[in-house]
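Secondary and tertiary structure notes
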Amino acid sequence: MLLGELEKQVLEYLWKNQPADAKQVHSYFEKDRGGSLNTIQSTLERLFKKDLLSRVKNGHAYQYFPKVARQELIGQLIKSITHDFVTEDENSVVAAFSSISSDLDEKQLDKLEAMIEQQRQKIHKNSEK
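To start, this report covers the structure provided alongside it.

What counts and what doesn't
Residues numbered from 1 in each chain as written. Predicted model: local features only at pLDDT ≥ 70, side-chain atom pairs only at ≥ 80, totals over all residues. Heavy atoms only, no water. Helix = DSSP H or I, 4+ residues; strand = E, 2+ residues; numbered from the N terminus. Rg over C-alpha atoms; globule rule 2.2 N^0.38 Å. Axes fitted to C-alpha atoms, helices over the stretch in contact; angles between N-to-C directions. Parallel < 35°, antiparallel > 145°, perpendicular 65-115°, else oblique. Left-handed = near helix turned anticlockwise from the far one by under 90°. Contact = heavy atoms within 4.5 Å. Nonpolar A, V, L, I, M, F, W, Y, C, P; charged D, E, K, R; others polar. Patch = residues over 30% accessible without salt bridge, like charges linked within 9 Å, V, L, I, M, F, W, Y side chains within 5 Å. Areas by Shrake-Rupley, 256 points an atom, 1.4 Å probe, with all protein chains shown as cover. Salt bridge = Lys/Arg side-chain N within 4 Å of Asp/Glu carboxyl O. Lys, Arg positive; Asp, Glu negative; His and termini not counted. Charge placed at Lys NZ, Arg CZ, Asp CG, Glu CD. Phe/Tyr/Trp six-rings, centres within 6.5 Å; stacked < 30°, edge-to-face > 60°. Lys NZ or Arg CZ within 6 Å of the ring centre and 35° of its normal. Buried < 20%, exposed > 50% of the residue type's maximum accessible area, 1.4 Å probe, protein only.

To continue, consider the overall build of the protein. Secondary structure summary: the protein contains 6 helices and 2 strands in total. Secondary structure elements of the protein, listed N to C terminal, follow the sequence α-α-α-β-β-α-α-α. Here the protein has a C-alpha radius of gyration of 19 Å; the compact-globule value for 129 residues is 14 Å, and the former is much larger. Taking the principal axes of its C-alpha atoms as reference, the protein extends roughly 50 × 35 × 30 Å.

This part takes up the packing of helix α2 (residues 22-33) against helix α3 (residues 37-49). As a packed pair, α2 and α3 sit with axes 9 Å apart at the nearest point and diverge in direction by 120°. The pairing of α2 with α3 is recorded here as oblique in orientation. Judged by the sense of rotation from one axis to the other, the crossing of α2 with α3 is right-handed. Across from Ala 22, Lys 23, Val 25, His 26 and Phe 29 in α2, the residues of α3 making contact are Leu 37, Ile 40, Gln 41 and Leu 44. In terms of residue class, the contact of α2 with α3 is built from 6 nonpolar, 2 polar and 1 charged.

Together, Asp 105, Glu 106, Asp 110 and Glu 113 make up a region of like negative charge exposed at the surface. Examined against the element boundaries, Glu 113 turns out to sit in helix α6 (residues 106-128).

Here the focus is the packing of aromatic side chains. Summed over the entire model, instances satisfying the criterion amount to 4 aromatic pairs. One aromatic cluster in this structure is built from Tyr 13, Tyr 28 and Phe 29. Taking the ring centre of Phe 48 as reference, the NZ or CZ of Arg 55 above it sits at 3.9 Å. Between Lys 57 and the ring centre of Tyr 62, over which it is positioned, the NZ or CZ distance is 4.8 Å.

Let us look at the packing of helix α1 (residues 5-16) against α3. Contact geometry of α1 with α3 gives a least axis separation of 10 Å together with a crossing angle of 80°. The angle between α1 and α3 places the two elements in the roughly perpendicular class. Facing Leu 6, Glu 7, Val 10, Leu 11 and Leu 14 of α1, the residues of α3 in contact are Thr 39, Ile 40, Thr 43, Leu 44, Arg 46 and Leu 47. A class-by-class count of the residues in the contact of α1 with α3 yields 7 nonpolar, 2 polar and 2 charged.

Position of Ser 54 among the secondary structure elements: in strand β1 (residues 53-58). Each residue touching Ser 54, except ones within four places of it in the same chain, is listed here: Phe 48, Gln 63, Tyr 64, Phe 65 and Lys 67.

Further remarks concern unusual backbone geometry. At the junction of Gln 18 and Pro 19, the peptide bond is cis and its omega measures out at -20° in the coordinates. Its location among the elements puts Pro 19 in the loop between α1 and α2. Located in the positive-phi region is Asp 51, a residue other than glycine, with phi close to 65°. Relative accessible area serves as the criterion here: at 44%, Asp 51 is assigned to the partly exposed category.

What follows concerns the side chain of His 26. Locating His 26 in the fold gives a position in helix α2. Leaving out residues up to four positions away in the same chain, His 26 has contacts with Gly 35, Ser 36, Leu 37 and Ile 40.

In structure tokens form, the structure reads like this:
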């Protein structure tokens, strides 16, 4: 899944300011980047069609909110990219994460270690069933 720059910015805005309608999103971006209300409406519609946003009708306008959490989307994007390059028995994904981890500080590495341990516990629990 490819995301344009405005799509990424709109998602970031909605993760922080949900729910919002097109006019609210437009007024936020109008100051810094300009653009028309139609551009924002189109962007919201594309994100909705990509199944990244949900919406509910509120009067004449839709209220949009993220359908996926930020970290979930990042995971989906990583999985999508790696799927194209990694064979089933290859350790490229592990090697890539190891390479990326060299940019992390001690606190981030501790958090990563805790998350890995949580995944191990889930796998262990599921294998006992």
